[in-house]
Amino acid sequence: TGMSSEATEVTLHGTQVENLSASLVIHAEGSAQATAREDKSKDYHQWAIVAELWSKDPQHNRAYEHFTENGPVALLPFEDHFALIWTVPSAQREEWLALEGGEFLRRLQQCFGTMAGNFARIGERSGFPLSMRMVRRTVDGRCVRIGNAAQQLHPVAAQGFNLGLRDVWDLFERLWDTPSDPGAAEHLESYAKQRAADRHTSVWLTHSMIGIFGSSNPIARASRGAALGALALFKPLRDSFARHMMFGSP
């Protein structure tokens, strides 16, 4: 794929090979590949077990997250039931995937108690490895990477999707202001600088939470318990934290 001062040549490989020319190419295909020496990557040695989960009780569009010594377990509203994300050590992934459905539900119910209702049925389970990937440069000529193509986060704080949405919004605003040549270097570099603080803060926060919530140290456990208690008790603090998690760094 070549590049000129006015366009980038792209070859798409699918059911057929197609050659295209574009003034701007946006990589939004996911799975950030941190391969350059300056890029960042971290293997958490964990897998996410995912499945759809049905409860005997209404889920009221409410999400739940429970922190265990192996990692977080999250229930997210999905239509009239839940989507489950259960973090397990990589070495135990085959065991968890092979568990009989009733035993899997028993362990999940034991983890959550009845706070999310009484679980009735689990769908087909699958899993994928968890890692952090962050490309140093999101802009290369007339190409720009957004979302998971730019950074891939651990799901502990559910920030990967929010961060990707902010990438899309900021890039949209940049393109809206520069319709004549959307791939012009000065505009894309300005976009990259604008996104830098939010990207680094979100990656740092998510990565730090792995250590904080995965630690069995009594002091760390007491500190995180106090922090979560403060969020639960003080609405202004909770609202400020929620705004940051949704809208990112200013």
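Described in the following lines is the structure provided in the data block. Per-chain numbering applies: the sequence of each chain, read as written, is numbered from 1 onward. Local features in this predicted model are restricted to residues of pLDDT 70 or higher, and side-chain atom pairs are both shown and tallied only at a pLDDT of 80 or more, whereas totals for entire chains, interfaces and linings draw on every residue. Each side-chain value is worked out from all heavy atoms of the structure, with water and hydrogens disregarded.

1. Describing the layout of surface pockets
Argument step 1. Put simply, the grid is 1 Å and covers the protein atoms alone, a cavity is a trapped set of points that fit a 1.4 Å probe, a pocket is an open set with protein on both sides within 12 Å along at least five of seven lines, and lining residues have an atom within 4 Å of a point. Grid points are joined across faces, edges and corners, and a volume is the space filled by probe spheres set on the points. Taken as a whole, the second largest pocket holds about 320 Å³ of empty space.
Argument step 2. Considering the residues around the second largest pocket, the lining is formed by 20 residues, among which Gln-33, Val-135, Arg-137, Asp-140 and Arg-145 are closest to the centre.
Argument step 3. Every helix listed is a DSSP run of H or I at least four residues long, and every strand listed is a run of E at least two residues long, numbered separately from the N terminus. Elements with a contribution of two residues or more to the lining of the second largest pocket: β10 (139-140) and β11 (143-145).
Argument step 4. Looking at the lining of the second largest pocket element by element, the count peaks at three residues for β11.
Argument step 5. Gly is placed with the polar residues, together with every amino acid not listed as nonpolar (Ala, Val, Leu, Ile, Met, Phe, Trp, Tyr, Cys and Pro) or charged (Asp, Glu, Lys and Arg). Of the residues assigned to the lining of the second largest pocket, the class counts are seven nonpolar, six polar and seven charged.

2. Focus: the pairing of strand β2 (residues 17-22)
Argument step 1. When you tally the buried positions in β2, you get zero out of six residues, a small fraction of the element.
Argument step 2. Between any two strands, pairing holds if DSSP finds at least two bridges. Note: strand β1 (residues 8-13) against β2, six bridges, orientation antiparallel. Bridge pairing links Thr-11 to Asn-19 in β2. For the exposure calls, accessible area comes from a 1.4 Å probe over protein chains only, and a residue counts as buried if that area is under 20% of its type's maximum, exposed if over 50%, partly exposed in between.

3. As for the pattern of salt bridges
Argument step 1. Criterion for a salt bridge: a side-chain nitrogen of Lys or Arg within 4 Å of a carboxyl oxygen of Asp or Glu. Using the criterion set out here, one finds 10 salt bridges in the structure.
Argument step 2. In this structure, Glu-95 and Arg-107 form a salt bridge, with 3.6 Å as the shortest nitrogen-oxygen distance. Of this pair, Glu-95 sits in helix α1 (residues 93-98) while Arg-107 sits in helix α2 (residues 101-112), and the two are 12 residues apart along the sequence.
Argument step 3. Note that Asp-167 and Arg-195 form a salt bridge whose closest N and O atoms lie 2.8 Å from each other. Residue Asp-167 is found in helix α3 (residues 160-177), and its partner Arg-195 is found in helix α4 (residues 185-214); the two are separated by 28 residues along the sequence.

4. Here's the deal with unusual backbone geometry
Argument step 1. A positive phi angle, near 55°, is found at His-45, a position not held by glycine.
Argument step 2. For His-45, the location among the structural elements is in strand β4 (residues 40-55).
Argument step 3. You can call His-45 exposed: its relative accessible area is 54%.
Argument step 4. Although it is not a glycine, Glu-79 adopts a positive phi angle of roughly 55°.
Argument step 5. Its location among the elements puts Glu-79 in the loop between β6 (71-78) and β7 (81-89).

5. What to know about the side chain of Asp-170
Argument step 1. Mapping Asp-170 onto the fold places it in helix α3.
Argument step 2. What makes two residues a contact is simply this: any of their non-hydrogen atoms within 4.5 Å. Those residues within four positions of Asp-170 in sequence are excluded, and the remaining contacts are Tyr-191, Gln-194 and Arg-195.

6. Focus: the sheet that holds β11
Argument step 1. If you walk across this open sheet you meet the three strands as β3-β11-β10, and the pairing is mixed. Two strands in the sheet have a free side with no partner beyond their single neighbour: β3 (25-27) and β10.
Argument step 2. Across three bridges, β3 lies against β11 in parallel orientation. Paired with Ile-26 across the bridge in β11 is Val-144.

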